[in-house]
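Below are the chains, spelled out letter by letter.
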Amino acid sequence: QLQLVESGGGLVQPGGSLRLSCAASGSTLDYVAIGWFRQIPGKEREGVACISADSGKITYAEFVKGRFMVSRDNAKNTVYLQMNKLEVDDTAVYYCGAGRGGKCSDTVNVWGQGTQVTVSS
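Residues numbered from 1 in each chain as written. Predicted model: local features only at pLDDT ≥ 70, side-chain atom pairs only at ≥ 80, totals over all residues. Heavy atoms only, no water.

Draft legend 1. Summary view of the overall build of the protein. Helices and strands together make up the secondary structure of the protein, namely 0 helices and 11 strands. Going from the N terminus to the C terminus, the protein shows its helices and strands as β-β-β-β-β-β-β-β-β-β-β. Relative to the 2.2 N^0.38 estimate, which gives 14 Å for 121 residues, the radius of gyration of the protein is 13 Å and therefore close to what a compact globule would have. Expressed as a percentage of the 121 residues in the protein, the buried residues total 43%. Partitioning the contacts of the protein with sequence separation of at least 6, the portion at a separation of at least 24 is 55%. When the accessible surface of the protein is totalled, it reaches about 6300 Å², and 48% of it is carbon and sulfur. Positive and negative side-chain charges of the protein, numbering 12 and 11 respectively, have mean locations separated by a distance of 1 Å. (Helix = DSSP H or I, 4+ residues; strand = E, 2+ residues; numbered from the N terminus. Rg over C-alpha atoms; globule rule 2.2 N^0.38 Å. Buried < 20%, exposed > 50% of the residue type's maximum accessible area, 1.4 Å probe, protein only. Contact = heavy atoms within 4.5 Å. Areas by Shrake-Rupley, 256 points an atom, 1.4 Å probe, with all protein chains shown as cover. Lys, Arg positive; Asp, Glu negative; His and termini not counted. Charge placed at Lys NZ, Arg CZ, Asp CG, Glu CD.)

Draft legend 2. Spatial organisation of the state of the cysteines. Tallied over the full model, the rule gives 2 disulfides. The residue that forms a disulfide with C22 is C96, at a sulfur-sulfur distance of 2.1 Å. Judged by the torsion about the S-S bond (75 degrees), the C22/C96 disulfide is right-handed. Pair noted here: C22 is in strand 3 (residues 18-25) and C96 is in strand 9 (residues 92-99), with a separation of 74 residues, a long-range link. Accessibility assignment for this pair places C22 and C96 in one class, buried. The side chain of C50 participates in a disulfide bridge whose partner is C104; the two sulfur atoms lie 2.1 Å from each other. In this structure the cystine formed by C50 and C104 twists about its S-S bond by roughly -100 degrees; its chirality is therefore left-handed. Separated by 54 residues along the polypeptide, C50 in strand 5 (residues 46-51) and C104 in the loop between strand 9 and strand 10 (108-111) bring together distant segments of the chain. Its relative accessible area of 25% is what places C104 among the partly exposed residues. Shown here for the protein is a disulfide pattern of 1-3, 2-4, where each number marks a bonded cysteine counted in sequence order. (Disulfide = S-S within 2.5 Å.)

Draft legend 3. Main features of the sheet that holds strand 3. In spatial order, the strands read 1-3-8-7; together these 4 strands make up an open sheet with antiparallel pairing. Bordering the open sheet on either side are strand 1 (3-7) and strand 7 (68-73), each of which pairs with just one other strand. On average, each strand axis in the sheet is tilted by 15 degrees relative to the strand beside it, whichever way the strands run. Summarising the sheet, strand 3 and strand 8 (residues 78-83) pair through 6 bridges and their orientation is antiparallel. The partner of C22 across the bridge, within strand 8, is V79. (Pairing = 2+ DSSP bridges. Axes fitted to C-alpha atoms, helices over the stretch in contact; angles between N-to-C directions.)

And the structure:
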């Protein structure tokens, strides 16, 4: 049974960087798409980025284009979210989710517990 655990969050100054990890256990990530999402208190969870199972399609929300980058390392059964040029408005709990299939259009079937990212001077 697939389980996901996020890590790498923390406190960073505006303009700084963080790398989030989404580590899988119980099953392989090779055949599922992985999405990154974030939730700001009082607001609905929103999509940040997605990488397809074969890494052939990577999508980003407009508000992170040019700043964030998704990658996957199947040997480590882990997907990463490199976050650069962070802004105060990026402060949120970040989650990863595994799709029911290999496409980014597939619905999320398994969620991680989330990791807090705080951007503040």
